[in-house]
Amino acid sequence: MADTKKYLIPVYGLALMACGNNVRERPNVIYVFPDQFRNCAMGFWADEEYSRYAGWLADPVHTPNLDRFADESLVLSNAVSTCPLSSPYRGMFLTGMYPERNGVTLNCMALRPESTLSPEAVCISDVFAEAGYSCGYIGKLHAETPMKNDPANPGHYVSDRNPEWDAYTPPERRHGFSYWYSYGTFDVHKNPHYWDTEGVRHDPHEFSVKHETDKAIEFLRNENGERDADAPFFLALAYNPPHSPYESPEDCMDEDYGLYRDMTLSELYVRPNADTTLSKAPAARYYFANVTGVDREFGRLLDELERLGLKENTIVVFTSDHGETMCSHGTLDPKNSIYTESFNVPFIIRYPGRIRHRVDPILLSTTDIMPTMLALAGLEDRIPETVEGRNLAPAVLGNGEDCDIPDAALYIRNLDGEKDADGIVHGIFPAARGIKTGRYTMEISITRDLKPERVLIFDDLKDPYQMNCIPYTEEPELFDGLCSVLERKLEEANDVWFREGILEKLMLGPGDTSGNGNR
Ligand code: CA
């Protein structure tokens, strides 16, 4: 087939090009997503071109490669991680479906066997593979429940940790990824391990970000048949840093730590909502060191892409599964909250000659990623019916008039459902739902007996650090309007809050005693 194509294009090139996308060479796609990399941890946000979209200060980080990449890319200022937690993010990114449909409702581990990527779900990689792409996955998967399927020790988990978190993914559950170099979840940054395409375990004893970038570069060079040389490729690269641990110089590279070692806490923490008296405060040094480590390796990947002549025809995305609160809002939980530091994620996309450099506040949600990426690669016709997100490719390409741009993004927080006598979790407790609009953030959380727990409303325009919660009882019109948007988003998502009428049952707001008919 490839030979025929090579022969045809020079002879009939013009006629074929006129036929449209079917014969146009498909772009490669590289999707890089370090874990827990917050949006403000990129140096370019300090520049006026970018900062006027953000409203908050950039962390004092050294990210020269991301800064250079941003200057060639579309930078989204308002992309969010719909359910800002490792596994639910991955389920949504891979399927374009909400957690209740793709199966990944909670962080995957052995006590939550129900939370696992449905083998039947059609993933982005299934579609790319079906369209002729070579698909590779490198790094942290964390979208499947651990099973007793250690290739080297059949009938056992991959380690003796109790409960088990790590996992091996056998070929029949790899969803179109024909090149594999991955693991479930494991948090020792300088002693990572992986199972390859054949199920052989590797323990390289080096910084995981460097090692995975080496593997990604091997995939690009294709010297050992990592991919089909005649086909376009889709490569997902899932670094674990700057995820915790970030407690000592052992958790990062010395060359990166040196940049932050002598900074005081007041120099490290520029956000006025950060409490530097928290025990976690010194973590910023190691967290930022790993931000810089990720930046350096990402830069090495971009350089190799260019050296190989692949830059022009490759779509490159840099994003993350969620952010990191890092002492903001007085919480020690780095994620799984609607606060900007957790919910807002980097989303930088480069497609030379097709996507114009700019900053854009498009409210991209996690379920929108799969249809948008497929459409950008010219595979709009192949977006499966199971996808629940929106194709925002027209907006990304700058043709917003061809596209219904979202006016709000949904937020989901689930916690464990009931636990049985063995500690096994059954179902979910849908602890909170919320929205972000162009201006406001609102979250409503509930108690286990379905009573209101807390309502958070922030004016992100006037209060970008979310330090002044607007009491919902004091701004009834605002609250009512935001509840209407939330109800619509819950319905669009066919969320359990919509199906069980939870928002109405809470009897919040000006209709406190007189019902909620106006919502
Ligand atoms: Ca994560």
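Up top is the structure these notes are about.
Residues numbered from 1 in each chain as written. Predicted model: local features only at pLDDT ≥ 70, side-chain atom pairs only at ≥ 80, totals over all residues. Heavy atoms only, no water.

1. Remarks on the nonpolar core
- Membership of the largest hydrophobic core comes to 65 residues, with the highest contact counts inside it found for Ile30, Trp45 and Phe318.
- Take this core: its biggest share by element is 12 residues, from helix 10 (residues 283–307).
- Residues within four places of Ile30 in sequence aside, it is in contact with Leu220, Phe233, Leu235, Leu301, Leu305, Thr314, Ile315, Val316 and Val317.
- In terms of nonpolar packing, the next biggest core, distinct from the first, is built from 49 residues, Tyr31, Phe33, Cys135 and Ala143 among them. (Core = buried A, V, L, I, M, F, W, Y, C linked by side-chain atoms within 4.5 Å. Buried < 20%, exposed > 50% of the residue type's maximum accessible area, 1.4 Å probe, protein only. Helix = DSSP H or I, 4+ residues; strand = E, 2+ residues; numbered from the N terminus. Contact = heavy atoms within 4.5 Å.)

2. Digging into unusual backbone geometry
- Here the bond from Asn162 into Pro163 is cis, since omega is 0 degrees, no more than 30 degrees from zero.
- In this model, Pro241 is joined to Pro242 through a cis peptide bond whose omega is 10 degrees.
- Relative to the assigned elements, Pro242 resides in the loop between strand 7 (233–238) and helix 8 (254–257).
- Of note, the phi angle at Leu450 is positive, near 60 degrees, even though the residue is not glycine.
- Locating Leu450 in the fold gives a position in the loop between strand 13 (440–446) and strand 14 (452–459).

3. Some details on the packing of helix 7 (residues 208–221) against helix 10
- It is the contact of helix 7 with helix 10, at a shortest axis distance of 10 Å, that shows an interaxial angle of 10 degrees. Between helix 7 and helix 10, the angle is such that the two are roughly parallel. In contact with Val209, Lys210, Thr213, Asp214, Ala216, Ile217, Leu220 and Arg221 of helix 7, helix 10 contributes Gly293, Val294, Glu297, Arg300, Leu301, Glu304, Leu305 and Arg307.
- When the residues that make up the contact of helix 7 with helix 10 are grouped by side-chain class, the tally is seven nonpolar, two polar and seven charged. (Axes fitted to C-alpha atoms, helices over the stretch in contact; angles between N-to-C directions. Parallel < 35°, antiparallel > 145°, perpendicular 65-115°, else oblique. Nonpolar A, V, L, I, M, F, W, Y, C, P; charged D, E, K, R; others polar.)

4. Some details on the sheet that holds strand 6 (residues 201–202)
- One open sheet holds the 10 strands; their spatial order is 6-5-4-3-7-1-8-9-2-10, and the pairing between them is mixed. Two strands close off the open sheet at either side, each with one partner strand: strand 6 and strand 10 (358–360).
- With five bridges connecting them, strand 3 (residues 134–140) and strand 4 (residues 179–183) associate as parallel partners. Of the residues in strand 4, the one forming a bridge with Ile138 is Tyr181. (Pairing = 2+ DSSP bridges.)

5. Observations concerning empty space enclosed by the protein
- Tallying each qualifying case throughout the model produces seven cavities of 30 Å³ or more.
- For the largest cavity, the calculated volume is near 70 Å³.
- If you trace the largest cavity, you find it lined by Leu94, Leu117, Cys123, Ser125, Leu141, Ala143, Glu144, Arg173, Arg174, His175, Phe177 and Trp180.
- When the residues that make up the lining of the largest cavity are grouped by side-chain class, the tally is seven nonpolar, two polar and three charged. (1 Å grid on protein atoms, 1.4 Å probe; cavity = no way out; pocket = protein on both sides within 12 Å on 5 of 7 lines; lining within 4 Å. Points joined across faces, edges and corners; volume = space filled by probe spheres on them.)

6. Quick notes on the packing of aromatic side chains
- Considering all chains together, one arrives at 30 aromatic pairs under this definition.
- Judged by centre distance (4.2 Å) and plane angle (10 degrees), the ring pair of Tyr31 and Phe93 falls under stacked. Of this pair, Tyr31 sits in strand 1 (residues 28–32) while Phe93 is found in helix 4 (residues 86–95), placing the two residues 62 residues apart along the sequence.
- Aromatic pair Trp45 and Trp56: ring centres 5.1 Å apart, planes at 70 degrees, arrangement edge-to-face. Of this pair, Trp45 sits in the loop between strand 1 and helix 2 (48–54) while Trp56 is found in the loop between helix 2 and helix 3 (64–70), placing the two residues 11 residues apart along the sequence.
- The class of Trp56 is buried, set by a relative accessible area of 7%.
- A network of ring pairs unites the aromatic residues Phe128, Tyr133, Tyr137, Phe177, Trp180 and Phe234 as a single cluster.
- Taking the ring centre of Tyr181 as reference, the NZ or CZ of Lys215 above it sits at 4.6 Å. (Phe/Tyr/Trp six-rings, centres within 6.5 Å; stacked < 30°, edge-to-face > 60°. Lys NZ or Arg CZ within 6 Å of the ring centre and 35° of its normal.)

7. Things to note about the sheet that holds strand 12 (residues 425–437)
- Taken in spatial order, the four strands line up as 11-12-13-14 in an open sheet, and their pairing is antiparallel. Edge positions in the sheet fall to strand 11 (408–419) and strand 14, since each of these pairs with one other strand and no more. Strand-to-strand twist of the sheet, defined as the mean angle between neighbouring strand axes without regard to direction, takes the value 15 degrees.
- In this structure, strand 13 lies alongside strand 14, joined through seven bridges in antiparallel fashion. Residue Ile444 lies in a different strand from strand 14, and its bridge partner there is Val455.

8. Describing the packing of helix 4 against helix 12 (residues 366–376)
- One can describe the packing of helix 4 onto helix 12 by two numbers: an axis separation of 6 Å at closest approach and a directional angle of 30 degrees. With respect to each other, helix 4 and helix 12 are oriented roughly parallel. When you trace helix 4 past helix 12, the crossing you get is right-handed. Of helix 12, the residues touching helix 4 (which contributes Tyr89, Met92, Phe93, Leu94 and Thr95) are Thr366, Thr367, Ile369 and Met370.
- For the contact of helix 4 with helix 12, a count of residues per class yields six nonpolar, three polar and no charged. (Left-handed = near helix turned anticlockwise from the far one by under 90°.)

9. Some points on the environment of Ile349
- On the secondary structure map, Ile349 appears in strand 9 (residues 347–350).
- Residues Ile349 and Val317, 32 residues apart in the sequence, show an inter-C-alpha distance of 4.4 Å.
- With residues up to four places along the chain from it excluded, the contact list for Ile349 reads Ser73, Leu74, Ile315, Val316, Val317, Ile355, Met373, Leu376 and Val396.

10. A word on the environment of Asp228
- In this fold, Asp228 is placed in the loop between helix 7 and strand 7.
- You can call Asp228 partly exposed: its relative accessible area is 40%.
- Excluding residues within four positions of it along the chain, Asp228 makes contact with Ser134 and Asn222.
- A distance of 2.9 Å separates a polar atom in the side chain of Asp228 from the backbone nitrogen of Asp230. (Polar contact = N/O pair within 3.5 Å; in protein donor to acceptor, adjacent residues only side chain to side chain.)

11. Things to note about the side chain of Asn102
- Positionally, Asn102 belongs in helix 5 (residues 99–102).
- What makes Asn102 buried here is its relative accessible area of 0%.
- Reaching out from Asn102, the side chain makes a polar contact with the backbone oxygen of Gly91 at a distance of 3.2 Å.
- Ignoring sequence-local partners within four residues, the contact set of Asn102 consists of Gly91, Met92, Thr95, Met97, Thr116, Leu117 and Ser118.

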